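# Report on the structure
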Amino acid sequence: ETRTATMEGTRQKGRKKLDTKVTKKAKGHAPSHQNGFAFQHNPNSKLTKKILAMPNEGLCRRCTEKIEWRKKYRKYKPLRVPGSCNYCRKKAVTAAYHVACRPCAQDKAICAWCCKTWKALEKAEAAAAAAVVSGGGGRR
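Bear in mind that the values here come from a model prediction, so they are computed numbers and not experimental data. (Residues numbered from 1 in each chain as written. Predicted model: local features only at pLDDT ≥ 70, side-chain atom pairs only at ≥ 80, totals over all residues. Heavy atoms only, no water.)

Here the focus is the packing of aromatic side chains. Enumeration over the complete set of coordinates arrives at four aromatic pairs. Their ring planes at 45° and their centres at 5.2 Å tell us that Trp69 and Tyr73 sit as a pair that is tilted. Through pairs of rings, three or more aromatic residues link up here, namely Phe39, Trp69 and Tyr73. If you follow Lys66 out to its NZ or CZ, it ends over the ring of Trp113, 4.6 Å from the centre. (Phe/Tyr/Trp six-rings, centres within 6.5 Å; stacked < 30°, edge-to-face > 60°. Lys NZ or Arg CZ within 6 Å of the ring centre and 35° of its normal.)

In structure tokens:
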């Protein structure tokens, strides 16, 4: 009786109310193939030697880790031609994944990839360290 009453009440407003049950869907499925061993690129190739020799300068810790991951798994693609800086608009960015040239990044005291200031990065790292020490607030 209550269900028909609510449906009649909603019909007066011009909407239908349907009983829907919220169900959680499983996220994907099990992988078809499991890696039997870790990825290893050819350490003797000229490109690998060139990539590994490139320095990571002017980057924050997180961006440095991302570049190192790319180098490790052969996802790093070096620039072929210099890119333009987001600040001075000159074709002065010679390192891949950077958006600011070295002089601009040093003048503005920012990370050359994510463009966050060093002061903000230090505050964020201090807050993360304090959260770890207090025992909560970390990612799961």
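We now examine the layout of surface pockets. Its volume calculated, the largest pocket comes out at about 250 Å³. In terms of lining, the largest pocket is formed by Cys60, Arg61, Arg62, Cys63, Cys114, Lys116, Ala120, Leu121, Ala124, Glu125 and Ala128. Secondary structure elements with two or more residues in the lining of the largest pocket: α3 (61–72) and α5 (118–134). For the lining of the largest pocket, the leading source of residues is α5, giving five residues. Residues that form the lining of the largest pocket fall into these classes: seven nonpolar, no polar and four charged. (1 Å grid on protein atoms, 1.4 Å probe; cavity = no way out; pocket = protein on both sides within 12 Å on 5 of 7 lines; lining within 4 Å. Points joined across faces, edges and corners; volume = space filled by probe spheres on them. Helix = DSSP H or I, 4+ residues; strand = E, 2+ residues; numbered from the N terminus. Nonpolar A, V, L, I, M, F, W, Y, C, P; charged D, E, K, R; others polar.)

Attention now moves to the nonpolar core. Among the nonpolar cores identified, the biggest contains 18 residues, and Leu59, Cys63, Cys85, Cys111 and Trp113 are the most heavily contacted of them. Where this core is concerned, the elements lending two or more residues are α3 and α4 (102–108). Beyond its immediate sequence surroundings of up to four residues, Cys63 is in contact with Cys111, Trp113 and Cys114. (Core = buried A, V, L, I, M, F, W, Y, C linked by side-chain atoms within 4.5 Å. Buried < 20%, exposed > 50% of the residue type's maximum accessible area, 1.4 Å probe, protein only. Contact = heavy atoms within 4.5 Å.)

Note that all results are geometric; they support no functional claim without further evidence.
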